[in-house]
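Single-letter residue listing:
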2 protein chains.
Amino acid sequence: MEPTKSEIQAWFEGLQDRICTALEEADGQGKFREDHWQRPGGGGGRSRVIEGRVIEKGGVNFSAVEGALPEKIGRALQLPVGSAFFASGVSIVLHSHSPHLPIIHMNVRYFEIPAQTAEAPSIWWFGGGIDLTPHYVVPADAQRFHQHLKMVCDRHHQDFYPKFKKWADDYFYLRHRKETRGVGGIFFDRMQSNDYPLDKRQLFQFVQDVGDAFAPIYTQLMAERADLPFSEREKNWQLHRRGRYVEFNLVWDRGTKFGLDTDGRTESILMSMPPTAKWTYAFEVEPNSAEATTLDHLKKEIDWVGITDIAR
Amino acid sequence: MEPTKSEIQAWFEGLQDRICTALEEADGQGKFREDHWQRPGGGGGRSRVIEGRVIEKGGVNFSAVEGALPEKIGRALQLPVGSAFFASGVSIVLHSHSPHLPIIHMNVRYFEIPAQTAEAPSIWWFGGGIDLTPHYVVPADAQRFHQHLKMVCDRHHQDFYPKFKKWADDYFYLRHRKETRGVGGIFFDRMQSNDYPLDKRQLFQFVQDVGDAFAPIYTQLMAERADLPFSEREKNWQLHRRGRYVEFNLVWDRGTKFGLDTDGRTESILMSMPPTAKWTYAFEVEPNSAEATTLDHLKKEIDWVGITDIAR
């Protein structure tokens, strides 16, 4: 049977719960604060934010909104303005205290315009992605991250990983800096049955697998990297990398722009902002330093799964 | 005689020099670092950045660019793509160490599309503005600031101050926060002779007056406020206000978006970023605190010149 919007919504709510529990356990100290909010046009959300021992600032948001399609969204999506719509999803951004623990982002979402008449079928799609933004790129970690995502993708369709890996490279890109946000990951949007030999149930299972991949991926990194010692220089570099994260989210990220443009709940949208950030004019890194190597790795089209010289 | 583009450009270069000299003198310690840059399509600029005793991070940029009108700009300005164009101006953003010294921004600019044929006249306009972003709003300072700008405006046309004050209120506005960037100032764009009984020379004189107002306004504030003692709480509030400044510049500021969209020199465009900034989820101020009073003042349509209860 096709998954209904209420089944999808309930699964997203459960995912938020499970991820928050896993993160609290891995952090060992921080507890999520929860804010319920209502959208004036219909629906609302459950924002959860943590400030912990390992995670300096992290947000795990669930929302399920509905109502009449706002004009700006209708135009952007080329859908009839004013139709009834439903959208639900989970969005996560975590900023760590340690410069050795990457920033991570995950989103899974579902969008639907219900059938207007018996003849006009409903319009629906899934979207989502996970991407990793290390302050210092560790190629072996980037490889393991991509291997994990490839394994998840390959279980559902052999085209998914190569297609969604490239999509992430193109999406999480700071054009004005000519650098990627991090080591990428996967990104997909408007995923429908027309495009793949998979029905709605099967596509939902893929999205569920992506959502469920998040907690094991990040809690392993937390365990391995949160307690490594770091220097003032490394902390300073982290703050500058966070500045780039701010630039991506406010200048290029379509989700953020859309939310702000359409009067979403600002504090929930901007939970992705780092706790602190720095900008230094024409900041320069020392040649051959760990910082220079990181910049060298912030490029599209690195085949992280396939790299053999892991120390590159 | 009508001012030529080379006269205007030369005046802007001189303005940059004079402002940098005045700021170095007022800072007493910092010296501007200068970077010359070339624009691939034609022209270039002279970026100057200071890190001083009073000014933590400040940029005073001059540029004069020319060439074929880029497609994105042509479309946005509703001008023929590919025409020859010329644009020159001075842009300033200063971030102070002290939370008691406001952030300030100033811009003056000239744009021209030279006459294509003997029959088609050239298209040209001036634009610019000054606005003040106190971390803590001091009504008497805001009043003096607006009185100064009104005096400058009134020397040229009685409509200028009320029109450009309102324009600044509307322009320097964070729609997603429902707050103004600061106490406003003046903003004007596409200023042509058609709109006012003033010829090009007279409009240029107004723009010169605006440019010349900058140094006295800010160096007086520096002298009065830079050395006031401040607490950790006040510093923390400053970092959060800087976060809002980042949000305005990256989400709403048309100049910044345009520059980044059209492959301008990123480090010159983003010299406006604060040295450090903070974001705290759902940051709350104490009722009746200085921070709460400041938020209360970040509204459009406050008649700063006319307020009588200066302690409000």
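Thresholds, definitions, all that
As a convention, each chain's residues are numbered from 1 in the sequence order in which they are written. Lettering for chains starts from A, numbering for ligands starts from 1, and both go in the order in which the items are written. The predicted origin of the model limits local features to residues at a pLDDT of at least 70 and limits the giving and counting of side-chain atom pairs to 80 or more, whereas totals for whole chains, interfaces and linings rest on all residues. Heavy atoms throughout the structure, all of them, feed into the side-chain values; hydrogens and water do not. Alignment of the copies relies on least squares applied to C-alpha atoms, considering only residues that score at least 70 for pLDDT in both. For this analysis, residues touch if any pair of their heavy atoms sits within 4.5 Å. Under the DSSP-based scheme used, a helix requires at least four consecutive residues in state H or I and a strand at least two consecutive residues in state E, with every element numbered from the N terminus. Only protein chains enter the accessibility calculation, which uses a 1.4 Å probe. A residue is then buried if its area is under 20% of the maximum for its type, exposed if over 50%, and partly exposed in between. A helix is expected to span 1.5 Å for every residue after the first. Note on aromatic pairs: the rings of Phe, Tyr and Trp (six-membered ring only in Trp) are paired at centre separations within 6.5 Å, and the planes decide the class, stacked below 30 degrees, edge-to-face beyond 60, tilted for the rest. Counted as salt bridges are all cases of a side-chain nitrogen of Lys or Arg within 4 Å of a carboxyl oxygen of Asp or Glu. For every element, the axis is a line fit to its C-alpha atoms; helices are fit only across the contacting stretch, and the angle between N-to-C directions ranges from 0 to 180 degrees. Just so you know how the angles are binned, under 35 degrees is roughly parallel, over 145 roughly antiparallel, 65 to 115 roughly perpendicular, and the rest oblique. Amino acids are sorted into nonpolar (Ala, Val, Leu, Ile, Met, Phe, Trp, Tyr, Cys and Pro), charged (Asp, Glu, Lys and Arg) and polar (every other residue, Gly among them). Note on definitions: buried area is the accessible-area loss of two parts on being combined, 1.4 Å probe, summed for both. Throughout this description, a polar contact denotes any pair of N or O atoms lying within 3.5 Å of each other; where both atoms belong to protein, one of them has to be capable of donating a hydrogen while the other can accept it, and for residues adjacent in sequence the pair is counted only when both atoms sit in side chains. Pairing between two strands is assigned when DSSP locates at least 2 bridges connecting them.

J.: Looking at this model, I keep getting lost on the relation of the copies chain B and chain A. Mind explaining?
T.: Both copies of the chain are related by a screw-like operation: a rotation about an axis and a shift along it. For the pair chain B and chain A, the superposition axis carries a translation of 0.0 Å, the fit reaches an RMSD of 0.0 Å, and the rotation angle comes to 180°. Expressed as a symmetry operation, the mapping of one chain copy onto the other fits a two-fold axis. The residues that chain B uses at the interface reappear at the interface of chain A in 100% of cases, marking a shared surface.

J.: What should I look at first to understand the environment of T4 of chain B in this one?
T.: Residue and element names in this part refer to chain B. Inspection of the secondary structure assignment puts T4 in the segment before α1 (5-27). Accessibility expressed as a relative area gives 38% for T4, which makes it partly exposed. In this structure the C-alpha to C-alpha distance between T4 and D227, which are 223 residues apart in sequence, comes to 43 Å.

J.: Just to check I follow, could you spell out helix α4 (residues 160-171) of chain A for this structure?
T.: The terminal C-alpha atoms of α4 of chain A lie 16 Å apart, and with 12 residues this matches the ideal 16 Å at 1.5 Å per residue to within 8%. By the burial criterion, the buried members of α4 of chain A are F160, Y161, F164, K165, A168, D169 and Y171 of chain A.

J.: Looking at this structure, I do not really get the packing of aromatic side chains. What am I missing?
T.: The relation between two aromatic rings is expressed through the spacing of the ring centres and the mutual angle of the planes. Taken as a whole and judged by the stated rule, the model has 48 aromatic pairs over all chains. Measuring from ring centre to ring centre gives 5.8 Å for W124 of chain B and F126 of chain B, while their planes differ by 70°; the resulting arrangement is edge-to-face. Each member of the pair, W124 of chain B as well as F126 of chain B, carries the same accessibility label: buried. Put simply, the rings of F160, F164, W167, Y171, F172, F187, F188, Y196, F206 and F248 of chain A touch in pairs and so form one group of aromatic residues.

J.: Looking at this structure, how should I read the pattern of salt bridges?
T.: Residue and element names in this part refer to chain B. Summed over the entire model, instances satisfying the criterion amount to 57 salt bridges over all chains. Note that D35 is salt-bridged to R33, the shortest N-O span being 3.2 Å. Residue R33 is classed as partly exposed on the basis of its relative accessible area, which comes to 37%. Where K235 meets E56, a salt bridge forms, and the shortest distance between an N and an O atom there is 3.8 Å. Within this pair, whereas K235 is found in helix α6 (residues 232-252), its partner E56 is found in strand β3 (residues 55-68), the two being separated by 179 residues in sequence. For K235, a relative accessible area of 22% translates into the label partly exposed. When its relative accessible area of 17% is taken as the criterion, E56 is described as buried.

J.: What is the right way to read the packing of α6 of chain B against helix α7 (residues 254-261) of chain B from this model?
T.: Packed helices, taken two at a time, are described by the angle between their axes plus the distance between the axes. All names here are of chain B. Direction vectors running N to C along α6 and α7 enclose 55°, while the axes themselves pass 6 Å from each other. Here α7 runs oblique to α6, going by the angle between their axes. Of the residues in α7, those in contact with N249, L250, V251 and W252 of α6 are R254, T256 and K257. Considered class by class, the residues forming the contact of α6 with α7 number 3 nonpolar, 2 polar and 2 charged.

J.: Can you walk me through the interface of chain B and chain A in this structure?
T.: How big an interface is tends to be stated in terms of the accessible area lost upon association of its parts. Counting from both sides, the interface comprises 33 residues of chain B and, opposite them, 33 residues of chain A. Both sides together, the interface formed by chain B and chain A hides about 3,100 Å², and carbon and sulfur atoms give 55% of it. On the chain B side of the interface with chain A, the three residues burying the most area are E267, W279 and Y281 of chain B, jointly 27% of the side's total. In this structure, the connection of chain B to chain A is made through 2 salt bridges. Two residues, E267 of chain A and R177 of chain B, come together in a salt bridge whose shortest N-O distance is 2.8 Å. Where chain B packs against chain A, one counts 13 residue pairs in polar contact (both at pLDDT 80 or more). Contributions of two or more residues to the side of chain B that touches chain A are made by β1 (33-38), β2 (43-50), α6, α7, α8 (266-269) and β10 (276-278) of chain B. In terms of residue count, α6 of chain B provides more of the side of chain B that touches chain A than any other element does, 5 residues in total. Sheet analysis places strand β10 (residues 276-278) of chain A next to β10 of chain B, joined by 3 bridges and oriented antiparallel.

J.: How should I be thinking about the sheet that holds strand β6 (residues 123-133) of chain B in this particular structure?
T.: Strands belonging to one sheet form pairs held by backbone hydrogen bonds; the direction of such a pair is parallel or antiparallel. Residues and elements named next belong to chain B. Ordered by their spatial adjacency, 7 strands build an open sheet running β1-β2-β3-β4-β5-β6-β9, and the pairing between neighbours is antiparallel. Strands at the two margins of the open sheet, each flanked by one partner only, are β1 and β9 (184-191). Adjacent strand axes in the sheet meet at a mean angle of 5°, parallel and antiparallel pairs treated alike.

J.: Before we go on, may I ask you to explain the side chain of S98 of chain A in this structure?
T.: Residues and elements named next belong to chain A. Topologically, S98 is positioned in the loop between β4 (84-96) and β5 (103-113). The class of S98 is buried, set by a relative accessible area of 3%. A polar atom in the side chain of S98 sits 2.9 Å from the backbone nitrogen of H100. Setting aside its immediate chain neighbours within four residues, S98 contacts H135, R225, A226, L228, F230 and Q238.

J.: Before we go on, may I ask you to explain helix α1 (residues 5-27) of chain A in this structure?
T.: Working note: α-helix, 3.6 residues per turn, so residues spaced by three or four point in the same direction. Residues and elements named next belong to chain A. Taking 1.5 Å per residue, 23 residues should reach 33 Å; α1 reaches 33 Å between its end C-alpha atoms and fits that length. Among the residues of α1, I8, W11, F12, G14, L15, Q16, I19, C20, L23 and D27 are the ones counted as buried. Of the residues flanking the end of α1, it is G28, one or two places downstream, whose phi is positive at about 80°.

J.: Where do I start with the pairing of strand β5 (residues 103-113) of chain B in this structure?
T.: Each regular strand displays side chains that alternate between the two surfaces of the sheet. Residues and elements named next belong to chain B. Most of β5 is tucked away: 10 of the 11 residues are buried. Pairing between strand β4 (residues 84-96) and β5: 9 bridges, direction antiparallel. Following the sheet pairing, A87 is matched in β5 by F111. Count of turn residues in the β4/β5 antiparallel hairpin: 6 residues.

J.: What should I look at first to understand the sheet that holds strand β6 (residues 123-133) of chain A in this one?
T.: Residue and element names in this part refer to chain A. Strand order in the open sheet formed by 7 strands is β1-β2-β3-β4-β5-β6-β9, with antiparallel pairing between adjacent strands. Each edge of the open sheet is held by one strand with a lone partner, namely β1 (33-38) and β9 (184-191). Going from strand to strand, the sheet's axes swing by 5° on average, the running direction of each strand aside. Where β5 meets β6, 11 bridges bridge the pair, whose relative direction is antiparallel. Residue pairing for β6: I113 is matched across the bridge by I123.

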